Amino acid sequence: PNAAGLASCGPAPRLRSGPWFGTPGGRPVRLSGLRGRVVLVHFFSTTCISCRRALPEVEEWARRYRPAGLRVIGVLAPEFGFEQRSAVARTALRSLDLPFPVLLDADRETYDAYRDRALPSSYLIDARGTVRSIGFGEGGAVRTETAIRTLLRAADPAAALPPRVAETDAPRSEEHTSELQSP
């Protein structure tokens, strides 16, 4: 986790069952259906302030890098019992208006399959389905974006990459997120 370069961390575990938000008809997303694409699986909780501070870069990567082949998948890993309810998750996710699909991992099966240990966290998967980079906690946005760009170029050397999003690897400061409050 949080290594400076790309690694080979083994095949990406499948995304387990649970309600999906932001997909047509709530259909599940299958990683096997995304082969040939670079995928960022981002674990977060809607009540975690560190997760909320990390979301702006993840959202912008989803928007900017989609034409180049990046797919972002959110995994909502509840910290509290009330977050496990679909209705509560739906309301929270609607207020966030995320530009990527989100799996409600109420029983943390996917979280456990990835051997995750922190929120927020991100797993960057190459076009062949191998986890190549893992990031735990806040910060590391430049490192993650560099890895995204490297893997997109490896998947398609002719891909047109947009200007960078991240400006620093430091976590967002309170002054940048003063409007955020944990529900």
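Above this text is the structure in question.
This structure is a prediction, so every number in the text was calculated from the model and none was measured.

Before going further, it helps to spend a moment on the layout of surface pockets. Estimated volume of the second largest pocket: approximately 280 Å³. Looking at the second largest pocket, it is lined by 17 residues, and the ones nearest its centre are Phe21, Gly22, Phe100, Pro101 and Val102. If you list the elements that add at least two residues to the lining of the second largest pocket, you get β3 (70–76) and α2 (86–96). Its residues assigned to classes, the lining of the second largest pocket comprises eleven nonpolar, one polar and five charged.

With five of its six residues buried, strand β6 (residues 131–136) lies for the most part within the structure. Hairpin remark: strand β5 (residues 121–125) followed by β6, antiparallel, with five residues in the connecting loop; positive phi at Gly129, about 95 degrees.

The buried fraction of β5 amounts to five of the five residues, a majority that puts the element mostly inside the structure. Every second residue of β5 is oriented toward a common face, with Ser121, Tyr123 and Ile125 on one face and Ser122 and Leu124 on the other, all of them buried. Where strand β2 (residues 38–44) and β5 come together, five bridges link them in antiparallel fashion. Its bridge partner lying in β5, His42 is registered against Ser122. Bridging between β5 and β6 involves five bridges; their strand directions are antiparallel. Of the residues in β6, the one forming a bridge with Ser121 is Phe136.

Between helix α1 (residues 49–65) and helix α4 (residues 141–155), whose axes approach to 12 Å, the crossing angle comes to 20 degrees. When the axis of α1 is compared with that of α4, the two are roughly parallel. Helix-helix and strand crossings are classified by hand; for α1 and α4 the assignment is right-handed. In this structure, α1 contributes Glu57, Trp61 and Tyr65 to the contact, and α4 contributes Ala141, Thr144, Glu145, Ile148, Arg149 and Leu152. By residue class, the composition of the contact of α1 with α4 is five nonpolar, one polar and three charged.

This part covers the environment of Arg64. Counting through the fold element by element, Arg64 comes out in helix α1. For Arg64 and Val165, which are 101 residues apart along the polypeptide, the C-alpha to C-alpha distance reads 8.4 Å. Among the polar contacts made by the side chain of Arg64, one reaches the main-chain carbonyl oxygen of Arg164 at a distance of 3.1 Å.

So, about unusual backbone geometry. A cis amide bond, omega -5 degrees, links Leu119 with the succeeding residue Pro120. Its location among the elements puts Pro120 in the loop between α3 (109–113) and β5. Phi is positive for Asp97, which is not a glycine, with a value near 50 degrees. With respect to the helices and strands, Asp97 occurs in the loop between α2 and β4 (102–104). Phi is positive for Arg115, close to 55 degrees, though the residue is something other than glycine. Here Arg115 lies in the loop between α3 and β5. The class for Arg115 is exposed, based on a relative accessible area of 60%.

Enumeration over the complete set of coordinates arrives at six aromatic pairs. Look at Phe43 and Tyr111: their rings are 6.0 Å apart centre to centre, the planes differ by 75 degrees, and that puts the pair in the edge-to-face class. Here Tyr111 lies in helix α3 and Phe43 lies in strand β2, a separation of 68 residues in the sequence. What makes Phe43 buried here is its relative accessible area of 0%. Given a relative accessible area of 9%, Tyr111 falls into the buried group. Taking 6.4 Å as the distance between ring centres and 70 degrees as the angle between the ring planes, the aromatic pair formed by Tyr123 and Phe136 counts as edge-to-face.

Cut-offs applied
Residues numbered from 1 in each chain as written. Predicted model: local features only at pLDDT ≥ 70, side-chain atom pairs only at ≥ 80, totals over all residues. Heavy atoms only, no water. 1 Å grid on protein atoms, 1.4 Å probe; cavity = no way out; pocket = protein on both sides within 12 Å on 5 of 7 lines; lining within 4 Å. Points joined across faces, edges and corners; volume = space filled by probe spheres on them. Helix = DSSP H or I, 4+ residues; strand = E, 2+ residues; numbered from the N terminus. Nonpolar A, V, L, I, M, F, W, Y, C, P; charged D, E, K, R; others polar. Buried < 20%, exposed > 50% of the residue type's maximum accessible area, 1.4 Å probe, protein only. Pairing = 2+ DSSP bridges. Axes fitted to C-alpha atoms, helices over the stretch in contact; angles between N-to-C directions. Parallel < 35°, antiparallel > 145°, perpendicular 65-115°, else oblique. Left-handed = near helix turned anticlockwise from the far one by under 90°. Contact = heavy atoms within 4.5 Å. Polar contact = N/O pair within 3.5 Å; in protein donor to acceptor, adjacent residues only side chain to side chain. Phe/Tyr/Trp six-rings, centres within 6.5 Å; stacked < 30°, edge-to-face > 60°.

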